[in-house]
Amino acid sequence: QKATHWENSQGKKSQHTEEANFYMNCRAAYLTVLKSSLENIKSREQLSLVLQQAGRNPSQKTINKYWTSQTTALNFDDFCAILKQEKPVTKTELLEAFGKIDTDKTGYILHDELYKILTTRGDKMTWDEVNTITKQADFNCSGKLDYSKFCELYLTTRERSCRTAWERLEVDSRLRQQQFGNQAETSSEGITLPGPKPSPRISKKTDQKLPKGDSRAPSRPSSAQSGKASTCPVVSLGSSSNRSTKLIEPDTMKEWQCAQSKGCFYLEEDGEIVSHKYRVHFPQRSSVCVTIKPLNVPQVEGRSCHWLSVDTALFILKENETQENLQLVSFTEVQNKEMFGWKGELGSGNYWLLPFTTGCRLRKGKTPITGEAKLVYRDEDGELALTKDFRAALLDIFETIDLDGNGLLSLEEYNFFELRTSGEKCDEEAWAVCKENFEMKKNELTRQGFLDLNLMEATDREGDPSDLWVTLLSLGYNKALEMTEACPFVIDIYTERCKPRIKALYLEAGGSQLSRAVCRAVVSKGEPRVLDGSENIVVHTYKSGRRITSVIENKSENKVIIHVNNEQSKNCLNNRGLTVFAVEVAPKSMMVCQHVVPLNEQEEWIYSCVYSLV
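Within any chain, residue numbers begin from 1 and follow the written order of that chain's sequence. Where local features are concerned, this predicted model is filtered to residues with pLDDT of at least 70; where side-chain atom pairs are given and counted, the filter is 80 or more; whole-chain, interface and lining totals use all residues. Hydrogens and water are ignored here; the side-chain numbers use all heavy atoms of the structure.

A. Quick peek at the overall build of the chain. Under the scheme used here, helices are H or I runs from DSSP no shorter than 4 residues and strands are E runs no shorter than 2 residues, and both carry numbers assigned from the N terminus. Within the chain one finds 16 helices and 29 strands. For every residue, the accessible area (1.4 Å probe, protein chains only) is compared with the maximum for its type, and the residue is labelled buried under 20%, exposed over 50%, or partly exposed between those bounds. Taken over 614 residues, the chain has a buried fraction of 51%. For the chain, the share of sequence-separated contacts (at least 6 apart) that also reach a separation of at least 24 residues comes to 75%. Counting every atom, the chain has about 29500 Å² of accessible surface; 48% of that belongs to carbon and sulfur. Contacts are assigned to residue pairs that have any heavy atoms within 4.5 Å of one another. Using a 1.4 Å probe, accessible areas were evaluated by the Shrake-Rupley method; residue-level cover was limited to the displayed protein chains.

B. Representation of the packing of aromatic side chains. Any pair of Phe, Tyr and Trp rings, taking the six-membered ring for Trp, is counted once the centres come within 6.5 Å. Such a pair is stacked with planes under 30 degrees apart, edge-to-face with planes over 60 apart, and tilted for the rest. In this structure the tally under the stated criterion is 16 aromatic pairs. An angle of 85° between the planes, with centres 5.8 Å apart, marks the rings of Phe98 and Phe150 as edge-to-face. Taken as a pair, Phe98 in helix H5 (residues 91-101) and Phe150 in helix H8 (residues 147-171) lie far apart in primary sequence, 52 residues in all. Residue Phe98 is classed as buried on the basis of its relative accessible area, which comes to 13%. In this structure an aromatic cluster arises from ring pairing among Phe398, Tyr414, Phe417, Trp431 and Phe450. Over the face of the ring belonging to Phe340 we find Arg547, whose NZ or CZ atom lies 5.0 Å from the ring centre. Here, a charge over a ring means that NZ of Lys or CZ of Arg falls within 6 Å of the ring centre while also lying within 35 degrees of the ring normal.

C. Representation of helix H6 (residues 111-120). Along H6, the residues classified as buried are His111, Leu114, Tyr115, Ile117 and Thr119. The elements touched by buried residues of H6 are H5, strand S1 (108-110), helix H7 (127-134) and strand S2 (144-146).

D. Representation of the pattern of salt bridges. The salt bridge criterion pairs a side-chain nitrogen of Lys or Arg with a carboxyl oxygen of Asp or Glu, the two atoms within 4 Å. Under the definition given, this model contains 22 salt bridges. Between Lys277 and Glu508 there is a salt bridge; the shortest N-O distance is 3.0 Å. Highlighted residues: Lys277 in strand S8 (residues 273-282) and Glu508 in strand S20 (residues 501-509), separated in sequence by 231 residues. Close ionic contact of Arg447 with Glu399 constitutes a salt bridge, the shortest N to O distance being 2.6 Å. Taken as a pair, Arg447 in helix H14 (residues 447-460) and Glu399 in helix H11 (residues 388-401) lie far apart in primary sequence, 48 residues in all. You can call Glu399 partly exposed: its relative accessible area is 21%. Shared partners join several salt bridges into a network, and the residues in it are Arg285, Glu345, Glu496 and Arg497.

E. Local environment of unusual backbone geometry. Despite not being glycine, Asn443 shows a phi value in the positive range, around 65°. Residue placement: Asn443 occurs in the loop between strand S17 (440-441) and strand S18 (444-445). Positive phi, normally seen in glycine, also occurs at Asn571, with a value near 55°. Tracing the sequence through the fold places Asn571 in the loop between strand S24 (560-565) and strand S25 (572-574).

F. Structural detail: the side chain of Ser275. With respect to the helices and strands, the residue Ser275 is situated in strand S8. Relative accessible area serves as the criterion here: at 6%, Ser275 is assigned to the buried category. Once residues within four sequence positions are removed from consideration, Ser275 is found in contact with Cys264, Phe265, Pro355, Phe489, Tyr506, Leu507 and Glu508.

G. Main features of the pairing of strand S14 (residues 349-356). The element S14 is extensively covered by neighbouring structure, given that 7 of its 8 residues are classed as buried. In this structure, S8 lies alongside S14, joined through 5 bridges in antiparallel fashion. The residue of S14 that forms the bridge with Tyr278 is Leu353. Two strands pair under a simple rule: DSSP has to find at least two bridges between them. Examined bridge by bridge, strand S10 (residues 313-319) and S14 share 6 bridges and lie antiparallel to one another.

H. Region of interest: the pairing of strand S13 (residues 339-346). With 6 of 8 residues buried, S13 is to be regarded as a mostly interior element. Alignment of strand S9 (residues 286-294) against S13, held across 7 bridges, turns out to be antiparallel. Note that in S13 the partner of Cys289 across the bridge is Lys343. Looking at chain direction, strand S12 (residues 334-336) and S13 are connected through 3 bridges and run antiparallel. Its bridge partner being in S13, Asn336 is matched across the sheet by Met339.

I. Local environment of the environment of Lys65. Structurally, the position occupied by Lys65 is in helix H3 (residues 60-66). The exposure class of Lys65 is exposed, given its relative accessible area of 53%. Here a polar contact is recorded for every N or O atom pair within 3.5 Å, except that within protein the pair must consist of a potential hydrogen donor and a potential acceptor, and residues adjacent in sequence are included only if both atoms are side-chain atoms. Side-chain polar atoms of Lys65 contact the side chain of Tyr66, separated by 3.5 Å. In terms of polar contacts, Lys65 uses its side chain to reach the side chain of Glu86, at 3.4 Å.

J. Here's a closer look at the packing of H11 against H14. Contact geometry of H11 with H14 gives a least axis separation of 10 Å together with a crossing angle of 125°. Compared by their axis directions, H11 and H14 come out oblique. By crossing handedness, the relation of H11 to H14 is classed as right-handed. On H14, the residues touching Arg391, Leu394, Leu395, Ile397, Phe398, Glu399 and Ile401 of H11 are Arg447, Gln448, Phe450, Leu451 and Asn454. Geometry is summarised by axes, namely lines fitted to C-alpha atoms with helices restricted to the contacting stretch, and by angles between N-to-C directions that run from 0 to 180 degrees. For classification, angles of less than 35 degrees are called roughly parallel, those exceeding 145 degrees roughly antiparallel, those between 65 and 115 degrees roughly perpendicular, and all remaining angles oblique. By definition, turning the near helix anticlockwise from the far helix through less than a right angle yields a left-handed crossing, and turning it clockwise yields a right-handed one.

K. Fine view of the environment of Glu601. Positionally, Glu601 belongs in the loop between strand S27 (589-598) and strand S28 (605-607). With 29 residues separating them in the primary sequence, Glu601 and Cys572 have C-alpha atoms 9.6 Å apart. Within the structure, the side chain of Glu601 is placed 3.2 Å from the side chain of Arg546, a separation counted as a polar contact.

L. Focus on the packing of helix H12 (residues 411-421) against helix H15 (residues 466-474). In contact at an axis separation of 9 Å, H12 and H15 are set at 105° when each is read in the N-to-C sense. Classified by the interaxial angle, the pair formed by H12 and H15 is roughly perpendicular. Contacts from Phe417, Arg420 and Thr421 in H12 reach Val470, Thr471 and Ser474 in H15. In this classification, Asp, Glu, Lys and Arg are treated as charged, Ala, Val, Leu, Ile, Met, Phe, Trp, Tyr, Cys and Pro as nonpolar, and every other residue, Gly included, as polar. For the contact of H12 with H15, the per-class residue count stands at 2 nonpolar, 3 polar and 1 charged.

Right, here's the structure in full:
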């Protein structure tokens, strides 16, 4: 047992070291081009340059993938995420590419052939650029290119460039002390009113000044040590499986009016979480109860409902008279099993409901999926039909996107589905065509019509399921037809003296509105603790049911690096995925440090975190 424990310990240390080295390399490359990790990449050219400094050789196709027409800036976290996706090319891959040209396997390529390929294909090079390659004596063999030597020189040059950036970071103490970059939440008075934005699947970079709405900026491991450390109050909590608090007594519920809407959290490729956002109108002042919980969509027998364990919350914000800002009113903090709610008095007017999840449980899975579920088949007559499992998945999707729960899809509801899966909207004319071809009632699509629409898509592709898989994957399904990267939810609003109206207006990341709301909620409700040796650094810790959130507030005029260590915590899971990491907080700002939930909800969990000023 001791040997096993030692091996596990060594494995964790190795993982931490590997992560630390990765982010140090990211930082070294970033600071070769930019002055600080808080400075954003502001152009395609800068993106290409920092990628090259990190040992990548990005094509225009790669640059276009991350810098779209909607992109205005990329931050350090975005850069790290790109490097995780774009692995450096290996010698084997380079040799294989040249080998496709050298069909005779001689180890050489004629200069004339090289000129023709490099100036006419892919990212076309100029004649002068190709001349620079062919004139290198190391691999110029009388009119032929020794591409094995060329590959060796390329890899050596790349390694030397990365090493130079690393050495610069090591030598420059100022850069070394900056450690790892992270965006911070500024302390402003108002919260900007949400406005229409492109689909989150088309543009993910519309809000660059602040962290993502669920505060799930990638974690930064750090080996930095400090002589000044503060330990947050140790929080010990028992099993949360039976936790229950009544929001409203059953007898009083009978006379209250109710409005309901469904919605969904969707996990993006980069770890960002998007969801529906809602506007609510109250005609008059009233006692109000607002709740949110995961939606229990029926599943095929034998399949688990992964999303039911995902934590959910709602932040309630009030529109002011000028509609320029939103003011935080409160958030759902009372828990009744998987439901979270809030009860209080609200005045008449318009409010916004911003759904929130920490990202602790809704995250990229590491379990490999073997095989691929079958979506369509040909029946006895040779006609295409939907498989039983795919049909069941489509009906579950229908339940999720039927926001008002009336069993039909309106054009507005269907367009949320279209924006999520294709990035485009269906206009009135196209909806009229749908009405002619698929079953509708009261100008709304029925379940059967929705099934037939997807069958038509398969038929148009002669049974090729590729487009169907694009739809399923964008909605959080894996290749086994399990919903693992989405969490449908349902919102209920009860009012005592008026009929509330709720409407979903957007499907996008929480952005700055939600980030500010989370920070303010924690600062107002949490326990503040000044970091030892620095009166301007305050750590606010708030616990709510099965969730703990900490916010770091930097009141000073300078940015600070905070080293965070959770090694003394037991049975805990945080949204960053690492036990030890570091965050950089900008001057006069605050930011979410981490969210923590129990790893196993049936057991006791202990939260103990040490914060150190680097």
